[in-house]
Amino acid sequence: MLEEVERWLARRSWSAADRTLDQLLAAKAARGSTVSVVLPALNEEGTVGEIVSEIRRALMTRTAPLVDELVVLDSGSTDRTAQVAAAAGARVVHRDAILPRLPAVPGKGEVLWRSLLVTSGDVVCFVDADLREFSADFVSGTVGPLLTDPEVHFVKAMYDRPLRNVTEGSTPAAGSSAGSSAGQGGRVTELVARPLLNLHWPRLAGFVQPLGGEYAARRALLERLPFPVGYGVELGLLVDALHTVGLDALAQVDVGVRLHRHQDDAALGRMAAAIYRTAQLRLSRGRAAAGQAGQLGQVGQLGQLVRPRLTQFERREGGEGGFAPRTYAVDTEERPPMREIAEYTAGRAA
Ligand SMILES: O=c1ccn([C@@H]2O[C@H](COP(=O)(O)OP(=O)(O)O)[C@@H](O)[C@H]2O)c(=O)[nH]1
Ligand SMILES: O=C(O)[C@@H](COP(=O)(O)O)O[C@H]1O[C@H](CO)[C@@H](O)[C@H](O)[C@H]1O
């Protein structure tokens, strides 16, 4: 792991408990900051209501006015998402009602981008609408540093992600795909995003959950960034935020455990393709990164920086808390075509 990332981990990784709600409310009032929370929702009738209710209960009261507006961005749902969200107290906006001169396309990033048009907070917090056992810490934890630290502009939540599909009323059969199973969720994170970031954007290797759907940022930053319209949005915003405001303006906050609905492998394959494409577009633009090769690693075929290290994370045992980084070498050597090996061609000639 780069020394710069080790320093960043020490300076910009926190726990939600590091900032009390009273401290956040005082900082918010002192600076006159405003906070918008956005839930992108596609057919989330089973979970969106409880998330909205929890945010309103904990963070939208007279004594705890941390959140100024709560919007559910309906991404073309065909179930009762809009009705359930409105009944729980959210303002619901359909993607087609926003900027009709640019017809909406399907995708999570599309609705996150459009949400900027129908919200006004100078801090914007995104929260997935498929979470279970949701805690308002997911919001107060990620928004916190943006209220107390002016030099922080973009904050990701970090958490454990047990791979457990908890759907409405289900009793997962032992060993079934819907039941608990060993290992962590964040399958595309571990198999695609984390390797991509470590190899091509090693300064982002310290993010425990680079694809997590709970994050907050200053509007002044978000409005300067392109939004991939699909599932590439998290990777795209993280990489572009790095290039726009620098690593020290990024941060992450431990908010505990995240349970959400898990898609099947085929769906995650499509997600992975969107994420890889998002990375590819940035690699093709990011030739400047190659100029750093001398510092960080050899230049890859695309004229891009390739750093042969992978850092993964595991929750520290015992009361220590936090996540421990584990860095591994990644082999990047390639053998030349065999016909370039003299012994081979000699042997073939004999
Ligand atoms: O076209 C889409 C796809 C997803 N989502 C929402 O984005 C969040 C994350 O999507 P999903 O749960 O499918 O991703 P996963 O967490 O499985 O990676 C959820 O609130 C979805 O309802 C959306 O608004 N529009
Ligand atoms: O992190 C991941 O690998 C994927 C899939 O998670 P699981 O393997 O279903 O726990 O989930 C995330 O990725 C999406 C793409 O960035 C985000 O939009 C989701 O919010 C996030 O849950």
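Above this text you will find the structure in question.
This report concerns the structure included in the present document. Predicted model, so just to flag it, every value in this text is computed and none were measured. For every chain, the first residue of the written sequence is number 1, and numbering continues from 1 along that sequence. A letter from A marks each chain and a number from 1 marks each ligand, given out in the order of writing. Per-residue local features are limited, in this predicted model, to residues with pLDDT of at least 70; the limit for side-chain atom pairs, both in listing and counting, is 80 or more; totals at the level of whole chains, interfaces and linings are taken over all residues. By convention in this description, side-chain values take in all heavy atoms of the structure and omit both hydrogens and water.

1. Focus on the site of ligand 1
At step 1: When at least one non-hydrogen atom of a residue lies within 4 Å of a molecule or strand, that residue is treated as near it. Every one of the 16 residues lining ligand 1 counts as a neighbour, but Pro40, Glu44, Ser75, Ala129 and Tyr231 are closest to it.
At step 2: As used in this structure description, the phrase polar contact means that two N or O atoms lie within 3.5 Å; if the pair is within protein, one of them must be able to donate a hydrogen and the other to accept it, and residues adjacent in sequence are counted only when both atoms belong to side chains. Residue Ala41 places a main-chain N or O atom 3.3 Å away from an oxygen atom belonging to ligand 1.
At step 3: In this structure, Ser75 approaches ligand 1 through a side-chain N or O atom, which is 2.8 Å from a nitrogen atom.
At step 4: Surface burial for ligand 1 is 91%, taken as the share of its 520 Å² of free accessible area covered by protein chains.
At step 5: Under the scheme used here, helices are H or I runs from DSSP no shorter than 4 residues and strands are E runs no shorter than 2 residues, and both carry numbers assigned from the N terminus. Taken together, the elements giving at least two residues each to the shell around ligand 1 come down to β2 (35–41) and α5 (108–115). Exposure was quantified through the Shrake-Rupley algorithm and a 1.4 Å probe, taking into account, for residues, occlusion by the shown protein chains and nothing else.

2. So, the nonpolar core
At step 1: Residues Phe126, Phe154, Val188, Leu204, Phe227, Leu235 and Leu250 are the most contacted members of the largest nonpolar core, which totals 50 residues.
At step 2: Whether two residues are in contact is decided by their heavy atoms, any of which lying within 4.5 Å being enough. Every residue in contact with Leu235, bar those within four places of it in the chain, is listed here: Ala193, Leu197, Leu211, Ile275, Thr278 and Ala279. Among buried residues, the Ala, Val, Leu, Ile, Met, Phe, Trp, Tyr and Cys ones that are joined through side-chain atoms within 4.5 Å form a nonpolar core. Relative accessibility under 20% of the residue-type maximum defines a buried residue, over 50% an exposed one, and the middle range a partly exposed one, all with a 1.4 Å probe and only protein chains included.

3. Focus on the pairing of strand β3 (residues 69–74)
Across a regular strand the side chains alternate sides, sitting on one face of the sheet and then on the other.
At step 1: With six of six residues buried, β3 is to be regarded as a mostly interior element.
At step 2: Burial along β3 is two-sided: the residues Glu69, Val71 and Leu73 and Leu70, Val72 and Asp74 are all buried.
At step 3: Here a strand pair is declared whenever DSSP counts at least two bridges between the two strands. With six bridges joining them, β2 and β3 adopt parallel strand pairing. Opposite Ser36, over in β3, you have Glu69 as the bridge partner.
At step 4: A crossover gets the label right-handed when its path from the first strand over the helix to the second runs clockwise, viewed with the strands pointing away from the viewer. Once you follow β2 into helix α3 (residues 48–59) and on to β3, the crossover reads as right-handed.
At step 5: With four bridges joining them, β3 and strand β4 (residues 91–94) adopt parallel strand pairing. Directly across from Val72, in β4, lies its bridge partner Val92.
At step 6: Handedness of the β3-helix α4 (residues 81–88)-β4 crossover: right-handed.

4. With respect to the side chain of Thr81
At step 1: Note on placement: Thr81 falls in helix α4.
At step 2: Its relative accessible area of 1% is what places Thr81 among the buried residues.
At step 3: Within polar-contact distance, the side chain of Thr81 engages the backbone nitrogen of Glu45 at 3.2 Å.
At step 4: Within the structure, the side chain of Thr81 is placed 2.6 Å from the side chain of Asp79, a separation counted as a polar contact.
At step 5: Beyond its immediate sequence surroundings of up to four residues, Thr81 is in contact with Ala41, Asn43, Glu44, Glu45 and Val48.

5. Here we look at the sheet that holds strand β7 (residues 154–160)
Strand pairing in a sheet relies on backbone hydrogen bonds. The paired strands run either parallel or antiparallel.
At step 1: Spatially, β1-β9-β7-β8-β5-β2-β3-β4 is the arrangement adopted by the eight strands of the open sheet, whose pairing is mixed. In this open sheet, the two edge strands, each paired with only one partner strand, are β1 (13–15) and β4. Strand after strand, the sheet turns through a mean of 25° between neighbouring axes, direction not considered.
At step 2: Taken strand by strand, helix α1 (residues 3–12) contacts β1 and β9 (250–257), and its axis lies near 60° from that of β9.
At step 3: An axis is simply a line fitted to the C-alpha atoms; with a helix, the fit covers only the stretch in contact. Between two such axes, the angle follows the N-to-C directions and lies from 0 to 180 degrees. Its contacts with the sheet put α5 on β2, β3, β5 (123–126) and β8 (215–218), and the angle it makes with β2 is roughly 155°.

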